[in-house]
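In case you want the letters, here they are:
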Amino acid sequence: MNFLHTLSTVLFIVSFHPFTRAKPDTYIIHMDPSAMPKAFSSHHSWYFSMLSSISDTSEAASASSTVTSKHLYTYTHSINGFSATLTLSELESLKKSFGYLSFTRDRPLTVHTSHTSQFLGLNSVSGAWTAPNYGEDVIIGIVDSGIWPESESYSDEGMAQVPTRWKGKCESGTNFSSSFCNKKLIGARFYNKGLLSSHPKLTIPMNSPRDINGHGTHTSSIAAGNSAKGASYFGYASGTANGMAPRAHIAMYKVVWRYGTYTSDVLAAIDQAIQDGVDILSLSLGLSVDNNVLDDDPIAVATFAAMEKGIFIAASAGNDGPLYWSLVNGAPWMLTVAAGSIDREFDGILTLGNGVQITFESLYPGNFSRNQMPLVVMDECASVEELRQVRNNIIVCKDHLSISDQVENAESAMVSAAVFISSYSYLSELYTRSSFPAAFIGLDDGQTVIDYIKQNSDPRGRFQFRKTSIGTKPAPKVDAYSSRGPFLSCPNVLKPDILAPGSLVLASWSPVSEVTKVGSHPLFSKFNLLSGTSMAAPHAAGVAALVKKAHPDWSPAAIRSAIMTTANPFDNNLSPIKDVSNFNQPASPLDIGAGHINPIKALDPGLVYDATPQDYMKLLCAMNYTSKKIRMFTKLSHDCMNRSLDLNYPTFIAFFNDDGLSTSADKFEQEFQRTVTNVGKEGMAYTAKVTGMDGIKVMVEPPKLVFKQKYEKQSYKLRLEGPKLLKKDVIFGALSWRDDAGKYMVTSPIMATTITSQ
């Protein structure tokens, strides 16, 4: 329902200026750190020397200033290398330098843009907040558009002291002082050298960590905002807004600017976050779908380094759904988060003169008279002049024209109120935020209105707004905008991983950033309702903080496994989660991953699927990455003697690829091997159970796992057998390991598909 608005409002898309040979461009240079000559005291001085040697300038006296102007950042913790502005000839010279690995052109990125804590079962009476565990001492790094520090979400009331391991700081800048930081907001930095390199004449008015966009304030308060009482969106969604981990610390790294977001700046932020000592990274941005190549995605490379340091990464899947292969941020060392709805609706009510009430979705924020007004049918509402003649009535428009044209005509005519009748089943959030009082209703309700008007000589109606309903069913649903898997660069690992709340999420906002309009008057608020996978990723980051607090020694892979294997594939009707874009048919793992995130169960998963950096390197080797390319990801040496596409991941995906010559008798077989670690108590036994997988035989060997000790590991094999010609393009089911006592059910989705990226 929120697809059009999400694309137009939550996604801040940066235009890319085509490469021209006449002008320098900005590049990210990957280097082999082990190749640094002993004569240099640091990699930074080595890079400066290289830039000086390849500089096009012929004036020796200006060489130093030229190199300084060319150099943007040196990266030491995320990737090995630097970013610089170079001409083509300088780049070609640099490629011949000893230790050079590869280059990536600096590219723009897209930003993938309360009650959710209760919907996820987080409260102080029962659930994940009663360990006690509110995410104390965990540090969440947010890479986004900055922060509004005065927001109540960043109050440090009840917060523990800043961890002694923290190495970050608060940078001062325009309208931002280091004194704004406290025990909640413990770090704030900003990066824009890449932006300024692409736009050298640009003047940035808010050159500081302060958020005048709102997106970063929104995402960070979702992840770890303190309790903010009296939160609402102009009366909608009233209550207390809480982050997922309300006692976790926040560090903001501002990279998103009104004028664009660039990879070199994001890399610098991640590089610094690793050095500062964050435990969790939340990323609600990414490259476009067209750039889905792991070794050409500096964010994927940088987050590998973060994972090696034990940092958990939650990243948004993107807002390019519902097509397959539209997912970004699908590196297997990340938690890739899809977006769904929650059990809350925002409504208005149209009451006809005969007492019949019609409820419709609405976020109209203005004050509106509850008095009855005449109802007038204007059919297609094509004439602005005719609409002006009846603008003091409630006009009724049918969908002979597009909804957008009718809305535009009604706004131009300055009508008092309107009813728009449409055959479009899922009316966009763009229209629920109409700048004037309006009801957007379907054909059945529309016929009720038309019949009433025809049968009465003086038909009238009245509007009521600001209605919030809690506990609506079914919820969650995966929304249309949420990007779908598989991940083009690594299809052998099923993505996305998890579904989290992303649609119409209430969270803190920058009060200087316009949220909506009434008529032509802009409105501002301390809170806003937004939709996007941008909102889903920080939910998962906050939940990861709760798991990290409960299990501080767990690896990022173990935390990810705990979140995935305890996810819920069912909605609050106890039916499979539905896909809004597919006529509310059951969603597949390519839409929702393992299911909807369940913080309570994630704290105690029973078994986990762990993975080490070496395991990911085996995967990269099996994907035919050369040792040179693998050096881009890690400082660890790896000879690719061991390689495997079968990563120890808590999901399974098999591609039943038909060569076009297969018959109904041809068979397909694939075997997976997995190792699970017992993180429950000693003396546990688990039995395998497979559900779904119509027409495919699934075998698990052994069918029972017995653990004598805590942290003991056991391995098993899962085998799929079926016809090459599947009955459907996508067949899915699940493997569940259930303990004999009935406490744990460790579930992994199984996917068989014939879909290709062609």
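Procedures and definitions
Residues numbered from 1 in each chain as written. Predicted model: local features only at pLDDT ≥ 70, side-chain atom pairs only at ≥ 80, totals over all residues. Heavy atoms only, no water. Helix = DSSP H or I, 4+ residues; strand = E, 2+ residues; numbered from the N terminus. Areas by Shrake-Rupley, 256 points an atom, 1.4 Å probe, with all protein chains shown as cover. Buried < 20%, exposed > 50% of the residue type's maximum accessible area, 1.4 Å probe, protein only. Contact = heavy atoms within 4.5 Å. Core = buried A, V, L, I, M, F, W, Y, C linked by side-chain atoms within 4.5 Å. Pairing = 2+ DSSP bridges. Phe/Tyr/Trp six-rings, centres within 6.5 Å; stacked < 30°, edge-to-face > 60°. UniProt positions renumbered as here; feature names shortened; annotations may be inferred. Axes fitted to C-alpha atoms, helices over the stretch in contact; angles between N-to-C directions. Polar contact = N/O pair within 3.5 Å; in protein donor to acceptor, adjacent residues only side chain to side chain. Disulfide = S-S within 2.5 Å. Expected span 1.5 Å × (residues − 1). Arc of directions from axis to C-beta.

### A look at the overall build of the protein
From N to C terminus, the protein includes 19 helices and 39 strands. If you sum the accessible surface of the protein, you get close to 29,100 Å²; carbon and sulfur atoms cover 50% of it.

### Observations concerning the environment of glycine 214
With respect to the helices, strands and loops of the structure, glycine 214 is situated in the loop between α6 (193-198) and α7 (215-224). Accessibility expressed as a relative area gives 0% for glycine 214, which makes it buried. Taking the C-alpha atoms as reference points, glycine 214 and glycine 146, separated by 68 residues in sequence, lie 7.9 Å from one another. Not counting residues within four places of it along the chain, the set of residues in contact with glycine 214 comprises Ser145, Ser508, Trp509 and Ser510.

### Examining unusual backbone geometry
Of note, the amide linkage connecting lysine 473 to proline 474 takes the cis form, showing an omega dihedral of -5°. Note on placement: proline 474 falls in the loop between β22 (460-470) and β23 (477-478). The peptide bond linking alanine 475 to proline 476 adopts the cis configuration, its omega dihedral lying at 0°. With respect to the helices and strands, the residue proline 476 is situated in the loop between β22 and β23. In this structure, asparagine 175 is a non-glycine residue whose phi angle is positive, near 55°. Turning to its location among the elements, asparagine 175 is positioned in the loop between β7 (139-144) and β8 (185-190). Here cysteine 640, not a glycine, exhibits a phi torsion of approximately 60°, which is positive. Here cysteine 640 is to be found in the loop between α19 (627-633) and β32 (652-655).

### Here we look at the nonpolar core
By size, the foremost hydrophobic cluster in this structure holds 108 residues, and its most contacted members are Val143, Leu294, Trp333 and Ile563. Those residues within four positions of tryptophan 333 in sequence are excluded, and the remaining contacts are Leu294, Ala300, Thr303, Phe304, Met307, Ile313, Arg560, Tyr616, Leu620 and Phe633. By size, the runner-up hydrophobic cluster in this structure holds 40 residues, among which are Phe360, Ile453, Phe463 and Leu506.

### Examining the sheet that holds strand β35 (residues 697-701)
As summarised here, the arrangement of the four strands in space is β31-β33-β37-β35, forming an open sheet in which the pairing is antiparallel. On the outer flanks of this sheet lie β31 (607-608) and β35, each paired with one strand and no other.

### Considering the packing of aromatic side chains
In this description, a pair of aromatic rings is defined by centroid distance and the angle of the planes. Within this structure, the stated rule accounts for 27 aromatic pairs. An angle of 20° between the planes, with centres 6.4 Å apart, marks the rings of tryptophan 325 and phenylalanine 655 as stacked. Of this pair, tryptophan 325 sits in the loop between β14 (312-316) and β15 (335-340) while phenylalanine 655 sits in strand β32, placing them 330 residues apart in sequence. Residue classification places phenylalanine 655 among the buried residues on the basis of a relative accessible area of 14%.

### Quick notes on the UniProt feature "active site" (unreviewed entry) in the protein
Following the UniProt record, the feature "active site" (unreviewed entry) maps to Asp144, His215 and Ser534 here. Taking the farthest pair of C-alpha atoms as the criterion, the annotated set spanning 391 residues converges on one region, since that pair is 9.8 Å apart. Note that aspartate 144 resides in strand β7. Setting aside chain neighbours within four positions, we find aspartate 144 in contact with His215, Gly216, Thr219, Met252, Tyr253, Lys254, Val255, Val256 and Ser284. Summarising the element assignment, serine 534 is placed in helix α14 (residues 533-550). Judged by its relative accessible area of 0%, serine 534 falls in the buried class.

### Quick word on the sheet that holds strand β20 (residues 417-421)
Within a sheet, neighbouring strands are paired by backbone hydrogen bonds and run either parallel or antiparallel to one another. Overall, mixed pairing links the seven strands, which are arranged β17-β16-β22-β18-β19-β20-β21 in an open sheet. Taken across any chain shown, the strands that pair with only one partner, and hence form the sheet edges, are β17 (357-361) and β21 (438-441). Here the strands of the sheet are splayed against their neighbours by 30° on average, with no regard to which way each runs. Strand direction decides the pairing type here: strand β16 (residues 344-352) and β17, joined by five bridges, are antiparallel.

### Notes on the environment of glutamate 136
Here glutamate 136 lies in the loop between α5 (116-119) and β7. Residues glutamate 136 and glutamine 161, spaced 25 residues apart in sequence, show a C-alpha to C-alpha distance of 9.5 Å. Residue contacts for glutamate 136: discarding those within four places in its chain leaves Arg247 and Lys549. A polar side-chain atom of glutamate 136 sits 3.0 Å from the main-chain amide nitrogen of tyrosine 134.

### Notes on the state of the cysteines
Think of a disulfide as a covalent bridge from one cysteine sulfur atom to another cysteine sulfur atom. Tallied over the full model, the rule gives three disulfides. Between cysteine 170 and cysteine 181 runs a disulfide, and the two sulfur atoms are separated by 1.3 Å. Between cysteine 170 and cysteine 181, the S-S torsion sits near -55°, and that sign places the bridge as left-handed. Taken together, the positions of cysteine 170 in the loop between β7 and β8 and cysteine 181 in the loop between β7 and β8 put the pair 11 residues apart, joining distant regions of the chain. By relative accessible area, which is 14% here, cysteine 170 ends up buried. You can call cysteine 181 buried: its relative accessible area is 18%. Through a disulfide, cysteine 621 is tied to cysteine 640; the S-S separation comes to 1.9 Å. What sets the handedness of the cysteine 621 and cysteine 640 disulfide is the S-S torsion sign, and at about -80° it is left-handed. Here cysteine 621, found in helix α18 (residues 613-622), pairs with cysteine 640, found in the loop between α19 and β32; they are 19 residues apart in sequence, far enough to count as distant.

### Points about helix α13 (residues 443-454)
With 12 residues, α13 ought to run about 16 Å at 1.5 Å a step, and its terminal C-alpha atoms sit 16 Å apart, in line with that. The complete set of buried residues in α13 reads Gly446, Val449, Ile450, Tyr452 and Ile453. Angularly, the buried residues of α13 cover 160° about the axis, an arc narrow enough to put them on a single face. In this structure, α13 carries Asp444 and Lys454 as exposed residues pointing more than 90 degrees from its buried face.

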